[in-house]
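Read off the chains here:
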Amino acid sequence: MTTSTSTSPRTPHRMDAAGGCPHAANARLLQEGSVAEVVLPGDVPGMAVLGHDALREFLAHPDVAKNARHFTALQEGGIPDGWPLRTFATVQGMTTADDADHRRLRSLVSKAFTARRVEALRPRVEELTGDLLDGLAHTVGEDGTTDLRRHFALPLPMGVICELLGVDAEHHDRLHHLSNQVVSTDIGPKEAVAANQELVAVLGAVVSARTGSPGGDLTSALIAAREEDGDRLSPQELLGTLLLMIVAGHETTLNLITNAVRALCAHRDQLDLVRAGKAGWSDVVEETLRWDSPVSFFPFRYPTRDLTVDGTVIPRGTPVLAGYSAAGRDPRAHGEHADRFDVARAAARHLSLGHGPHFCLGAPLARMEATVALERLFTRYPDLDLAVPEQELRRHASFVGNSVSRLPVRLTAVADAG
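Keep in mind that this is a model prediction, so the values were computed, not measured. (Residues numbered from 1 in each chain as written. Predicted model: local features only at pLDDT ≥ 70, side-chain atom pairs only at ≥ 80, totals over all residues. Heavy atoms only, no water.)

### Remarks on the overall build of the protein chain
Line of reasoning, step 1. Counting secondary structure elements, the protein chain contains 17 helices and 11 strands.
Line of reasoning, step 2. At 21 Å, the protein chain has a C-alpha radius of gyration in line with the 22 Å of a compact globule built from 418 residues.
Line of reasoning, step 3. Viewed in the frame of its principal axes, the protein chain has a C-alpha envelope of about 60 × 55 × 40 Å.
Line of reasoning, step 4. Considering the protein chain as a whole, with its 418 residues, one finds that 55% of them fall into the buried category.
Line of reasoning, step 5. Long-range contacts, defined here as pairs at least 24 residues apart, represent 75% of the contacts in the protein chain between residues at least 6 apart. (Helix = DSSP H or I, 4+ residues; strand = E, 2+ residues; numbered from the N terminus. Rg over C-alpha atoms; globule rule 2.2 N^0.38 Å. Buried < 20%, exposed > 50% of the residue type's maximum accessible area, 1.4 Å probe, protein only. Contact = heavy atoms within 4.5 Å.)

### Structural notes on the sheet that holds strand E6 (residues 297-303)
Line of reasoning, step 1. Read from one edge of the open sheet, 6 strands run E1-E2-E3-E9-E6-E4, paired in mixed fashion. The open sheet has two edge strands with one neighbour each: strand E1 (13-14) and strand E4 (64-65).
Line of reasoning, step 2. When strand E3 (residues 44-49) meets strand E9 (residues 320-323), the two strands line up parallel, connected through 3 bridges. By the bridge assignment for E9, valine 49 is matched with alanine 322. (Pairing = 2+ DSSP bridges.)

### Some remarks on the packing of helix H12 (residues 235-266) against helix H14 (residues 281-291)
Line of reasoning, step 1. Contact geometry for H12 and H14: axes closest at 9 Å, N-to-C directions at 100°. The pairing of H12 with H14 is recorded here as roughly perpendicular in orientation. Residues Leu256, Asn259, Ala260, Ala263 and Leu264 of H12 pack against Trp281, Val284, Val285, Thr288, Leu289 and Trp291 of H14.
Line of reasoning, step 2. Its residues assigned to classes, the contact of H12 with H14 comprises 9 nonpolar, 2 polar and no charged. (Axes fitted to C-alpha atoms, helices over the stretch in contact; angles between N-to-C directions. Parallel < 35°, antiparallel > 145°, perpendicular 65-115°, else oblique. Nonpolar A, V, L, I, M, F, W, Y, C, P; charged D, E, K, R; others polar.)

### What about the layout of surface pockets?
Line of reasoning, step 1. Considering only enclosed or pocket space, the largest pocket measures out at about 420 Å³ in volume.
Line of reasoning, step 2. Thr87, Thr90, Val91, Asn196 and Val200 are the residues nearest the centre of the largest pocket, which is lined by 18 residues in total.
Line of reasoning, step 3. Elements supplying a minimum of two residues to the lining of the largest pocket: helix H4 (86-90), helix H10 (189-212) and H12. (1 Å grid on protein atoms, 1.4 Å probe; cavity = no way out; pocket = protein on both sides within 12 Å on 5 of 7 lines; lining within 4 Å. Points joined across faces, edges and corners; volume = space filled by probe spheres on them.)

### Let's talk about empty space enclosed by the protein
Line of reasoning, step 1. Considering all chains together, one arrives at 3 cavities of 30 Å³ or more under this definition.
Line of reasoning, step 2. Volume-wise, the largest cavity comes out at about 850 Å³.
Line of reasoning, step 3. Looking at the lining of the largest cavity, the elements that each hand over two or more residues are H4, helix H5 (99-110), helix H9 (172-183), H12, E6 and helix H17 (363-380).
Line of reasoning, step 4. Broken down by element, the lining of the largest cavity gets its largest block of residues, 11 residues, from H12.
Line of reasoning, step 5. Along the lines of polarity and charge, the residues of the lining of the largest cavity split into 25 nonpolar, 13 polar and 5 charged.

### As for the pairing of E3
Line of reasoning, step 1. Burial of E3 is extensive: 5 of the 6 residues sit out of reach of the surface.
Line of reasoning, step 2. Relative to E3, strand E2 (residues 35-40) runs antiparallel, the two sharing 6 bridges. When the bridges of E3 are listed, leucine 40 appears paired with valine 44.
Line of reasoning, step 3. With antiparallel pairing between neighbouring strands as the criterion, E2 and E3 make up a hairpin whose turn holds 3 residues, including glycine 42 at a positive phi of roughly 80°.

### Structural notes on the confidence of the model for the protein chain
The predicted coordinates should not be examined in detail at positions where pLDDT is low.
Line of reasoning, step 1. Looking at the protein chain, pLDDT values average 91 and 95% of them are 70 or higher.
Line of reasoning, step 2. The model gives residues 1-8 a pLDDT under 50, and that stretch makes 18 contacts with residues more than four places away or in other chains.
Line of reasoning, step 3. Counting interchain partners and residues more than four positions distant, the pLDDT-below-50 stretch residues 414-418 has 6 contacts. (pLDDT = per-residue confidence, 0-100.)

Structural data, given as structure tokens:
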């Protein structure tokens, strides 16, 4: 952290609750510095760390916390129950725990996401991918298009995470809808409260089912851990952990696959590089994570003392957004062509899966799922292309998730599945 402080006041940037493409605003903010004052929904003041190097330091700083007891406005009663971002602050789980509590909660699920365990899931991911591709042609409508997000990019990660957790298929669609509500930033207070209540009810039903009929799934293992030692995992922490894993376990990968397909369709020369063996599908995944991060601004972290970050003071207790989409295109970290999608980039370093103690636990799984999905998709449908111009795609109603709500494509030529 630097020790100098900013001297010229800037007008706070009002976060667009309706979402939209973040990159133009990010570029403008980055020209002014690595840290920006922002106005959150409901006129709640906050800040965002945007620059790659500043964000990397901030995410791992020992005086930055995740527990909402450090959120001054919340503790002083200034945040209403229906605030659209309240769940991010108050859910009880890994994302809002610090130090020993964070290590305890993380240790309960970390074994399911080791590189070895993830690699063991590859055959199942390949099977699910093949099944979805087999059925994709049947989803094409009379206009010759299909929504690739709905029929491919969504059911793959949702199916995988729900199998891991032992969640029955009957809950998949509802859980996705409710997850989408949770990450939305333009939802009304009544809808926000209702979505959270229903999500807790659905997850409670999952816990009840696995309690009565335990299996080899992760939910059963978490229930067993709670019953073996009541102090290890409270009922609220169990529900919070499941909520986190459902939301993060499919929303991030869903956006990653969607954004990668959009990028490749808009940059056919980059797709040609992969087909020519000059870049790999894993390179596509990493460059997509950098260039169009599936998470744009993630809530929240709170300095436990006044911190100076790249010349700007962030007061103690301020809710801070991690600006992953901005950091991914920071010219100071990625060069003058940071805004160019380049799968052969020498070093596609990024922070889009986090950094420090809260680095994304599911990163190996997300990377593997996306790599398998993209390789199999463009092998089966090598001429797949967007059915509408990129600018006509409707964006997510959120500045947290970064993607589009539908991905209409044309399966213009079908290759031998081999």
